[in-house]
Structures are given as C-alpha cells and as structure tokens.
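# An overview of the molecular structure
As a plain string of letters, each chain reads:
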2 protein chains.
Amino acid sequence: MATQTVSDSLPLRVAKQISSHPFAPVSSAEIKETASHIKAQWPINTNLHFKTITLFEPAKAEAVPFLEAEAAGHSLPHIDRRVFVTYYLRRTNQFHEAVVNLTQQVVEYNVRLGANMHAPGDGDEIFEIERVCLEDPGVQAEIAKLQLPEGSKIVIDPWIYGADGVEDDERMWQTFMYMRDPAHADDPDSNHYAIPLSISPVVDSSKMEVIRIDHMPTGKDNTIKETQPWKPKAGNEYISDFLELRTDLKPLNVVQPEGTSFNVSQQGTSHVIDWQKWSFRVGFNLREGMVLYNVKYSGRDLFYRLSLSDMNIPYADPRHPFHKKSAFDLGDAGAGIMANDLKLGCDCLGSIHYLSAVLNDDKGEPLDMPNVVCVHEQDAGIGWKHTNYRTGRAAIARSRELVLQSIITVANYEYILAFMFNQAGELTYEVRATGILSTQPIDDGVEVPWGTIVHPGVLAAHHQHIFSLRVDPMIDGHANRLVYDEAHAMPRSDFNPHGTGYTVKETLVEQSAGLDLDFDVNRTFKIQNAAVRNPVNGKPVAYKIHAPPFQKMISDKESFNYKRAEFADRNIYAVKYRDDELFSGGKYTNQSRGGTGVRSWAERKENIVDDDLVVFVQFGINHVPRIEDFPVMPCEILKVAFKPVNFFDKNPAIDVPPSTQDFNKSTLVSEQHKQPSVEGKVEANGCVSCEAPSSKL
Amino acid sequence: MATQTVSDSLPLRVAKQISSHPFAPVSSAEIKETASHIKAQWPINTNLHFKTITLFEPAKAEAVPFLEAEAAGHSLPHIDRRVFVTYYLRRTNQFHEAVVNLTQQVVEYNVRLGANMHAPGDGDEIFEIERVCLEDPGVQAEIAKLQLPEGSKIVIDPWIYGADGVEDDERMWQTFMYMRDPAHADDPDSNHYAIPLSISPVVDSSKMEVIRIDHMPTGKDNTIKETQPWKPKAGNEYISDFLELRTDLKPLNVVQPEGTSFNVSQQGTSHVIDWQKWSFRVGFNLREGMVLYNVKYSGRDLFYRLSLSDMNIPYADPRHPFHKKSAFDLGDAGAGIMANDLKLGCDCLGSIHYLSAVLNDDKGEPLDMPNVVCVHEQDAGIGWKHTNYRTGRAAIARSRELVLQSIITVANYEYILAFMFNQAGELTYEVRATGILSTQPIDDGVEVPWGTIVHPGVLAAHHQHIFSLRVDPMIDGHANRLVYDEAHAMPRSDFNPHGTGYTVKETLVEQSAGLDLDFDVNRTFKIQNAAVRNPVNGKPVAYKIHAPPFQKMISDKESFNYKRAEFADRNIYAVKYRDDELFSGGKYTNQSRGGTGVRSWAERKENIVDDDLVVFVQFGINHVPRIEDFPVMPCEILKVAFKPVNFFDKNPAIDVPPSTQDFNKSTLVSEQHKQPSVEGKVEANGCVSCEAPSSKL
C-alpha cells in the first residue's frame, strides 16, 4: 500500500469558518473545493477519476457534545469539517482514499489502497462500458453470427464482475447483452430484458477494453454453444404505449386542505423534520442515500443514526458466468447515486415535500440530484379502537404515518426504500422490491431447478435479496444493551397443574455477536437502556425490533458469496460502535474478498453491555421468480419495525384526536350503488332464475 | 343424545318457492319462520332460548352445479333452502341443534346434544349475568369488604368459563370484576379495566345464579387473601373527554371525485362485488361474520369460500382461575354478532359503501346489524415501477386495494378484520389486534414472569392470539393439491464448483396433514391445479400462501388448551373437504373437550391430491404486553396473503394505467415549507452557533 505524500509540517494558515451542521452532506462548493485539494496533490493535468466525495462524519466523541450543546441551546463546540474522497488515477488500477479537512484546508490522509480494493461503478463508466462493448470488433463478430433482422438494436447492461478468485484481482465488468423486440427496435424504452442473448463480454475497467467474451450456457447443463442465428421471439413490453390498459379505475386523491402536519426546515444541505412529536435530521449520501440522524420522540433520544448499510443479491445458477452474480447494490453502486428524480403525482400521493441532494460526478464536479426523497403523510388505517359494549361508544383514532421515500434503480431492478414514523412511537423501515428480473436466455423445452421461465426463451434465475439495516441506537442515551425475550412453557408442577402456564425470560447479549430469530420461542430482540426505568413498572426502557424471518445466505461457508456478504448469515449483528464502521459488507464490496465487514467486527467479542452499541438488522427474500414477476414485478414488501417497550408510560397515541367525520370528510357511497333487489323468477321447469343486473357471478 | 321427534311421514305439502341465492344469509322473514318451525316442535309456551338461526349452506355437491349454471347463464337447478338452528330450553342445560327446510316446510333434524356441548354466549345472557352477579348477596358481601368510597361503581365482565376438567361439565361463566375510577364513577365510559378487583363470581347459566365466588391470587404465588379494603388508585382513561389531545394533526381526506371503481350489487341478503377483474359474493353470519364465496379473477375460479374459522387466546398465568382463560372468540361468541356498527368518517376513510346484515336474538327474532362491513378502495403505495436509466423514463403504476373491513368487540378486546384485493391478483387477509388488555389486580411491589404491569396495581398477563383462516380453494376448478417449495443449496461438484448454486424443489402433500413453515429453507406452500398449465412455462397454475410465522400453542400436549384449540399447533392444516366442517376448533368450542376440530380431521389421512381440498392457515402473536398497550393498544397488524404463481402469463397489474399527476392530483408543499437557510454565527469564542428556526434538534 503506497502512501502518497502528506505534509506533516503544514504552512500556518487560518482555519476556515464553516457553519455547516456536522451531519450536513457536503455542498456543491465543498465538492469542488475538496476535488481541488485532491488534484493539488498530484502533478498538474493528472486525470483523476473521482468516485466518492462525501461527508466524513465526525467521530462520535466529537459529535455527541455538539448534539448535546445543540439540544441544550448552548453555544456549539467546534468540529472540523472533513470530506471523504475515493478516486482513481484515471485508466489505472490505482485506487485512492483520502480525507480532506476543509476547516484546516489540508489533505489529512491520502493513500493508495491495496489489492482487491475496488471502487463501485458510476454512471459515466457504465455508459462508456456499453460503448466499448458495442464497438469491440470481437463483440461485433459475435453479434454478426446472430444474423439479426436489419434495424435490430442491441443493448448492453454492464454488471459488477463479482468474485470467484479465478484471475479476478483486476477490476472488471461482466456485461449482459440483450436486444429490443424488432417490432419496437427504435423505441429506447422497449423492454430488452425480454430478449436476452448469450454473449457476455468482459471489460477491464483500467484498460477500458473488452478482454474476453463469455458465452452463456442456455441448456440444462454447462454446455456452451457457438453463437447461433437468432430465432425470432416475441417481446414483452412494460411501457403503457404498447399495452392495452384497464379503463375502469377511478381516481383517488389525497387532500390535506389545511396543509401538512409536518415541518421541514432546510439547514444548508441537510433537513430537519418535525412531525407529531418526532424530530430528526435527514442527510443523503452517494452510498447510503437517506440517512437519519438524531432521531427523537418528545425530545427523548432514540437513534443516533439510521441507514440502509448494504444489500446483497446472490443468484442461484451455479454455471459460469452466472455463479459470480452477487451484487452489493450499495457498496458496488450506491443508493444515493441511483436515486430516482421523484415526480409529483407519480411516485407519491398527496401533499408532498421533496428533498434534493448534491452528489459528485467522476470529474469531481457537483451533480444535482433533484427530488431524491419525498416526504408526505399517509393514512394507515385504524390506529387503535375500543367500543364499550355497554354504551356502544366507540373510541377510535386513525393512524397517521410520516413517510420518507427514496427509489433507486439498479440497472434492471428497483427498490423503494422508506422510513415511516407513526403516532404510537413506532419507526418502520420498508423496502418494496420491484423492477425487472435479471434475465438470461434458455433453450426451448428446457427447464432448470434454479430458475423460472418467465417468457418464451427467457430464464429468470432464483436469487436472494438480503438487506442490512444499520441501527445506531441512543435509547435515552448512548449506553445501551441488547437483550432478547423468549417465551417458554412452565413445567407441570403444583403451581402449573394444568400445563397452561408460560413465562417470558430476558437474556442479555454480553459480547458482540451474530444472532438469530426463533419464532418457536417468540424470540424478540430489544435495545434497552438499563439505567432508565419505566416510572410505572420499573422495567428498563427499550425499543424492540420486529424483523421478518428469511432464508439466510444459501451459498456455502467456503464460498466467496458467504465470505463477502458478512451480514447475510444472521438476522441480527450487534457490535461495539467504532467510528467509520458503517458498512456491514465492508467498505469496498466490489470484487471484495471478505474480512472487512460486520461478521469480522463481531468476532472481536467486545463488551456491548451498557456501552455504545450498534445493531445491524438483516431481512430479505429468496426470490423464486413467478411468471407474474415479469415484465415488471409487483412490489414485494418487507418491513422492519422498531416499537417502544416500556419506554412510555402508556400508549403514546392515546392523545391522537378521535377519528370523526368532521375531520375525515368521508363520502357515503352505499346509496349510489343501490341496486334493485333481485327477484327470483320461477320458470316452467320449476327452477328459479336470478337476474343479477350488474354482476359477473 | 335424545332425538326429538321428527315426522318421517310428512303431510303432503307444496314446496315453497324461494328465490334466494344458495349462499344468501337468512333474511328477517326466514329467521322468524324458522323460529316458529322450531317452536312448533315443542308444547305451546315452551320458552326457547335461541342461539343461532343461520343459513345451513347447501352441500357442495348441490352448490357447484348451481354456480356453474349461474356462471354459464343457464337456468338454475333447484336447491332446498335450509336453516341451521341451535337453542336451549330456556334455563336448562338442554342444548339442541336443528335443521329446518324452509322449502319443504319441515324440520329435518332436531336433536338434543350430549354432554360437553355448550352454546356460545349471547348479548342478553351477558347482561343478565352482570345483573345476577351484582345482585347476589354473597357478591355484595364481598364488595362490602372493599369499603369503597360512596358512589363507587362496580362493573362485571362475564367471561367464558373455559375448561380444565374440574367439575366443569355444566355450562358456567367466570366473571371478572372491576370498578370505575371514583373520579369518573358516573361516566359509563370510564375505563374500568384500569381498576381490576380480586373477586370473581362464577355463574351457572342454566340456573342463572352465582354458584361460587373465586378469589384471585394477587401476589407472586397462589396465595389467596381475604378481600381487603380497597386502596385508592388512579384511573387510566381512553376516552377523549378525559385526555389532553395533541393539537397539531392536520386533516387528510381521501376523495374519489368520479366515484368508486367498485360495484356492489345487493341480491336479497347477500352482496356481489365487482372490482378490477375481481368478483365475489359476500355473506355474513353470526359466527364467522364476513364470508366470501365464489371468488374469481377475470372470470377464473380462485376460492369457493373464505372465512375466519376461529381464533384462540390462551393466557399464561397458571393460577386458578386464570389458567382457564382461553377464549375462542368465534366459537364462544361470534364474529358476526360482535361486529361493530361502523360509522362514516370514523372507521373507514374515503368513499365508503356499508353492508348491513340481519342476525337473530335469543328469542328467535331478527336482529338488525347495520353497517357491519365497510367496503372501500385505498391507495397502497407504488404497485410496480421501472426506470430506464438510459432514457430516464419511469414506468410506474400505483397499487389500489379494495378493502372489506369488519370490526369486532369481544368485551375488552377488538379485532379489525379485513379482506383486501389488489390489481396484481393478490388477496390478503389482515387482522389488526387492538382494544383493551384483559387485566387483573397485582399487589404493589410484585413482579411476575407471566405478565406485565401496565398501570399501578394492574397486571396484564401474557397471552397468545392464534387465528385460523379457512380457505376452500378452487384454483381453476375444484381438483386442487397442496405442494410446498423449498430452496436447498446444491452440493459442491464440478457443476457447482464455487458453492453458490441452489435449487428449488417441490414436494406434494399426499394426505390430510398438519404442516409447518420453515424459513430456513424458504418453505412456501402453494395450492395448485396440476391439470391446468401455464401457457408459457408449463407449470401448474397455483396460488401461494404468505403467512407470518408465530409461536404455536405453548400449553403442553396434555393440556385442555392444546386439546381444544385443534388448529393452534400447526401453521397449515390441509384436509379433504367435507360438508359442515367449517370450524377448525370444532363446532361447539364453549367448554369443549377437543376431538372435533381440524387436527382430528387431518388424522383421517385422506387423499388430498387433485381432490376437493380445504386449507386452514394459522397465524398469530404471542402478546407479551408492553405498558404502551394500555389503556388501549396500538394496532398490531398481521397479514396472510395469497399470490398467484404461474397462474397468469405476466404481471396481472401491468395493464394498470400509469400513475400521473393528472390522475392523482397531488400537491407540492416543498415551497410552503421553505425555511430561510440557516446561517452559522461565529461567536467570540470561535464556536459556531446555528439557529434552527422551527426545529427541536
């Protein structure tokens, strides 16, 4: 690992006054300034390929006193403003990591990273790879063998190369090739995933050239065939231009005649949101997208920081080159940089506030990212209800939610990511998986047990989506612990003579560890503050974690998939907090080798009792495709919830005003639907026929 | 079992012409007519106590030809109209079951049921028990010992007695006693559950008198103390009159300016609903509440009948009399008879159509049940989305749901029950558990591991809610099978050299059985029609079952709890269809002994392959109360979903019109929230202070 020069004896300069909040994302000016600091480290005209220019968050030891002073309204301690940078010397494999202190106007750290540390992809790179492939003579020769109809259009999707330890030390891209339905060849929104081809060029991203052309097996086994002339196949379009749409859906509008109940306060590059006793700061960065800081309820601390840490998507097809398909969509690409520009009335319904962000491009210039987060309220049905059967009086409150939603597109696939808050002190992280399946060609008449045919000639391989949510808790303070409850039957005894009793036992997690759910004993993880007790029942205040079960990493323990996705084998990882340990799959996931993620951190077996604890919550789906998931899959919804347990002294939503017609202004439609009652007609044969005027039954 | 006389040789009479649909609930006139037929079986002036007067659904062998003729528009075969009745000779333990054929004008069946067959409770009975307890001199003597403040009000909640085999052959009620907060003693909506007392009278419901007064243990063990003078305790109210409400929630209205997309056609006492390619018939009865019949999508058969079959709620406290707390809220009471009269703008938001029903009272008279089901559409967020990263074009459809919701109050507790349909061919059954915890007194300073203190002096015991949903499928016809998929790692081999491959294997369930989920292998149950193949991939058409895992019955296998709740030990039960097997806990659950429910049916080990199969899906929660669940608990939401698997030939929602601002009419509020950007002020000491104008951070 070659370290670039960093002057130890800096020229004396006056520290710059920077007023940004310590959690505020870097601004356009800061991106430019940071890039020039880095460029200044190199001979003039060195062509740098910037990957990340992002906030280097202050050490917690610095940030906490700041937050405390801020909450108390005291004058704020000074924190130097630092920016984290990764970059290449363009067209080389020389990958660097740097920290620029903008307050001190100095590059504090600037090193070339060692082997098997590779940067994520970026947009310009992807377009260049597409071009490089299409222009490559070898690739063109293969395409020629397809003997495609004149005017056909080829589309290349560059994919992260993955890792299998076979000559893969250099940074490469595996590309997948498709063609558009010849009937819609000129429409760039024709769904090329419906016509996958078997040619798969590999690009070396330092040389930016095709170094190999892989051919996919398309039968039952590993057999690779010469590229064959293409046999015409039908397309399968998803854009409305090509579809016959249903016509009987009536509009449904969400109206807030008096405005919203939330308030967004923009403070430089971050936003502070207040809503129904909740308050928090929203950041946004290239890798994680939305980050929530300093989440409080009624002024009480709950979470220091919340973000999606990473996700891994390993595929089931064991054959080359598919066996390397194992994407880390945050580490290999970035939830921020892939965030959609959300459109009013399309992505969100109701009264919407959009948050925009600034990220960086590959030249170190600011990149405007408009409307990457939408903020809105939604009705979530009944929040609580009780009817007194003696009086008939119903006490009822609806549940209102505040939603922060961001949508990311990772080539073929989409994730809709949302933090949701409710009035009962509950915070939910929701993932909706949608978009287009990653497809590959399959011969007619062939079936395989690792994928589903979703269109003639098109196989969608099974795959897992494993998400890792990073939760840095602050339940009434920083000294927290992780415990889990289990319910067990009481043994039969004189005290339990009928075999019906059961008890709940709490177990303390003493050291950093990976842990699993167990529904057979109702195992429930809780983040507790043992020093703060509920005033009524004396229990430690806590938030519990509701996470859905899932099939963990199926790849075996010796596989690269398992070694790299360090979070994917456990429902919960709990570790002691360390600065700069944000990413459960490791800081550099692209073609990674493992050993730098949360499993490794947990193995330190550090004390996590009444200490600064970080919890990673894993959840996911084993996606066995259905034909119904094509051409675009209906959302599959996953939710992780955090709910108070003996944190308040009663239902925190008990003070929500009763649900009334005066407030809700619903419409009675029963009358408009009233149909003439059906009369039976007795027929000659004694049978009775009913006429249902407007029914298909 | 003594059979009442039923004439074998009936006087010749002309069959009555009845035009009701075979699935239409009984009408007011039919209830009256049925009651008179039953009364006519007995000497004049015999006082009958009616429990159930409800549709006796036709045998499937009769109903199917009817539905087929109906679908084909042919003339309809005749089916006799039958009504099922249960009743007592009032003030006796003589419980009867009868079937009246209204077409033939004859009582076909009328038998006295044997030992350990008891009817559910009913409203009049409950009020009478409350009165009997309060008037009982023994109970009054116990109350006197409490030395309550003048003007105090006692409230009695009658509970199903439960069963432990200890002198419990006769039908009894265990009652729980509470008092109102003396500060609100005259408000009948004051929350008496906040002040439970330790006196528990037992009532024999044949004699309708108090036969025993139990005293509750209130310490750590079984010790029973003499009734002590009451020590003043604070109340804990849930009605808004007594609460300080939050004031910052702005209205959120749901508006359908062009009306709803659904159509409700009332046909006598049942309703046919059409919405977005779905069609089905809605029935309603005393025990199950909502029942869906003949559920179709695009005219294709999906479900013959869907309903909640039963639920069981066993409690964790092993001490007398709590060990018997194990309610079957459908079998012991009835989801229909307990259904709330839903109010516009309170229980449902948007454009609402209400369905009403008619049930019977204890005198055999019709009982109007207005607005027991609300029907409305709701927006369910994004349904599917894909953005072409090359063109930036986003294709997006929102998800609209149709909801049929019914809310039941079971003394202290509420369940919000809903069938939900979406445009992707998915059907979801949702349960929201809310209402008030069942409470008992606990001494100051005592903690127990089988409950949580939710208010000073108030223990809420842990308890399980185990639901059983009955699914009578008809996936493209009646001959269906149950299979399950599992995903397993491929062993390492030349074909899987990197240990990453996995395959999905389908297993056929050959005989009726109880089955369990296993998330470690992603076990997924599917109801298949093996005779109907997907036109694209040749797979059998199927619907899969998404059910959340839960801790099954904790009580041991020898316990009455286990024996009685025959559904509570398995995620799935699959049995061969038999007429009149609707209730997975048995037909008569009150003080039942077991042996008459779904576990017993499964033990017949009948063929269920390509046969008329019925599936019971169990789900639930182990409710370990939090203080946040009092005085009314925030809804805990459970969902079971049925999703097509290779049933359609693509995403069935692909034809939903794109989500547009023109259609959705959302409002941009970003501007209205714009705050002046915060400027940092450098202070004399060099620190920077930020002023966040409207933030608590």
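Residues numbered from 1 in each chain as written. Chains lettered and ligands numbered in written order. Predicted model: local features only at pLDDT ≥ 70, side-chain atom pairs only at ≥ 80, totals over all residues. Heavy atoms only, no water.

### Considerations on the domain arrangement of chain A
Residues and elements named next belong to chain A.
- For chain A, the assigned domains are domain 1 (28–112), domain 2 (123–242) and domain 3 (270–337 + 379–645).
- Between the C-alpha centres of domain 1 and domain 2 there is a distance of 38 Å.
- Counting residues at the interface gives five residues for domain 1, matched by seven residues for domain 2.
- Where domain 1 touches domain 2, the interface holds two salt bridges.
- When the shortest N-O distance is used, the salt bridge between Lys51 and Glu125 registers 2.7 Å.
- Across the contact surface, domain 1 and domain 2 share four residue pairs in polar contact (both at pLDDT 80 or more). (Domains from an automatic or database assignment. Contact = heavy atoms within 4.5 Å. Salt bridge = Lys/Arg side-chain N within 4 Å of Asp/Glu carboxyl O. Polar contact = N/O pair within 3.5 Å; in protein donor to acceptor, adjacent residues only side chain to side chain.)

### Details of the interface of chain A and chain B
- Each side of the interface is counted separately: chain A has 225 residues, and chain B has 225 residues.
- For the chain A and chain B pair, buried surface summed over both sides reaches about 18600 Å², with 53% attributable to carbon and sulfur atoms.
- Inspection of the chain A/chain B interface yields 16 salt bridges.
- Residue Asp347 of chain B pairs with Lys385 of chain A through a salt bridge whose shortest N-O separation is 2.7 Å.
- For the pair chain A and chain B, the interface holds 126 residue pairs in polar contact (both at pLDDT 80 or more).
- No other element matches the eleven residues that strand S17 (residues 366–387) of chain A contributes to the side of chain A that touches chain B.
- As defined by bridge partners, strand S33 (residues 667–668) of chain A adjoins strand S16 (residues 351–360) of chain B across two bridges and the pair is classed as parallel. (Buried area = accessible area lost by both parts, 1.4 Å probe. Helix = DSSP H or I, 4+ residues; strand = E, 2+ residues; numbered from the N terminus. Pairing = 2+ DSSP bridges.)

### Focus on the sheet that holds strand S23 (residues 458–461) of chain B
All names here are of chain B.
- If you trace the three strands from one edge of the open sheet to the other, you get S21-S23-S22, paired in antiparallel fashion. The sheet is open, and its two borders are formed by strand S21 (439–441) and strand S22 (451–455), each paired with just one other strand. Sheet twist, expressed as the mean angle between neighbouring strand axes with direction ignored, is 45°.
- Bridge count between S22 and S23: four bridges; the pairing is antiparallel. Looking at the pairing, Gly451 lines up with Ala461 of S23. (Axes fitted to C-alpha atoms, helices over the stretch in contact; angles between N-to-C directions.)

### What about the sheet that holds strand S6 (residues 172–179) of chain B?
All names here are of chain B.
- Pairing in this open sheet of four strands is antiparallel, and the strands run S5-S6-S7-S8 from one edge to the other. The sheet is open, and its two borders are formed by strand S5 (154–160) and strand S8 (209–215), each paired with just one other strand. This sheet shows a mean twist of 30° between the axes of neighbouring strands, independent of strand direction.
- Contacts between helix H3 (residues 123–135) and the sheet are confined to S5, S6, strand S7 (199–204) and S8, with S5 contributing the most and set at about 125° to the helix.
- Its contacts with the sheet put helix H4 (residues 137–145) on S5, S6, S7 and S8, and the angle it makes with S8 is roughly 30°.

### Section: the relation of the copies chain A and chain B
- You can overlay chain A on chain B at an RMSD of 0.0 Å; the transform is a turn of 180° with a shift of 0.0 Å along its axis. Both copies of the chain, as the preceding transformation shows, are related through a two-fold rotation axis. For chain A, the minimum C-alpha distance to the rotation axis belongs to Val254 of chain A and amounts to 2.3 Å.
- The overlap is high: 100% of the interface residues of chain A also sit at the interface in chain B, so the same surface is used on both sides. (Least-squares fit on C-alpha atoms with pLDDT ≥ 70 in both.)

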